[in-house]
Amino acid sequence: MAKTQLGARVDEDVAELAKKRAADLGLSIGDYLARLVQDDASGLRARAVDAAARFLTDHQALFDEAEDARHTPRGARAA
């Protein structure tokens, strides 16, 4: 497939974040951006965000309980 060069201006912190994330994934910046666009256009990103929101909603009580347990002093529960 033929490649087309695009140009975009982004804040320096966004550029650094993109470079680091691409490197973490073993991708070039171009391949990383292409993946992001493809995921967004295919709806993959939206489905992943929706799934994460459903997970958090379904399990919020468990997270709340774990958070409360972290802030309860040792021995305070034994009564």
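### Overview of helix α1 (residues 12–25)
The end-to-end C-alpha separation of α1 is 20 Å, in line with the 20 Å expected for 14 residues at 1.5 Å each. Once α1 finishes, Gly26 follows within two positions and takes phi at roughly 70°, a positive value.

### Topic: the pattern of salt bridges
Per the stated rule, a full pass over the model turns up two salt bridges. Between Asp31 and Lys3 there is a salt bridge, with the nearest N and O atoms lying 3.6 Å from each other. Of the two residues, Asp31 sits in helix α2 (residues 29–42) while Lys3 sits in the segment before α1, which places them 28 residues apart along the sequence. Among the salt bridges present, the one from Lys19 reaches Glu16, with a minimum N-O distance of 3.6 Å. A residue pair is termed a helical-turn pair when its members lie 3 or 4 positions apart in one helix, as Lys19 and Glu16 do in helix α1 at three residues. We classify Lys19 as partly exposed; its relative accessible area is 46%. The exposure class of Glu16 is partly exposed, given its relative accessible area of 36%.

### Re the packing of aromatic side chains
Within this structure, the stated rule accounts for one aromatic pair. When the ring of Phe55 is compared with that of Phe63, the centres are 6.0 Å apart and the planes differ by 65°; the resulting orientation is edge-to-face. Given the relative accessible area of 37%, Phe63 is considered partly exposed.

Calculation criteria
Residues numbered from 1 in each chain as written. Predicted model: local features only at pLDDT ≥ 70, side-chain atom pairs only at ≥ 80, totals over all residues. Heavy atoms only, no water. Helix = DSSP H or I, 4+ residues; strand = E, 2+ residues; numbered from the N terminus. Expected span 1.5 Å × (residues − 1). Salt bridge = Lys/Arg side-chain N within 4 Å of Asp/Glu carboxyl O. Buried < 20%, exposed > 50% of the residue type's maximum accessible area, 1.4 Å probe, protein only. Phe/Tyr/Trp six-rings, centres within 6.5 Å; stacked < 30°, edge-to-face > 60°.

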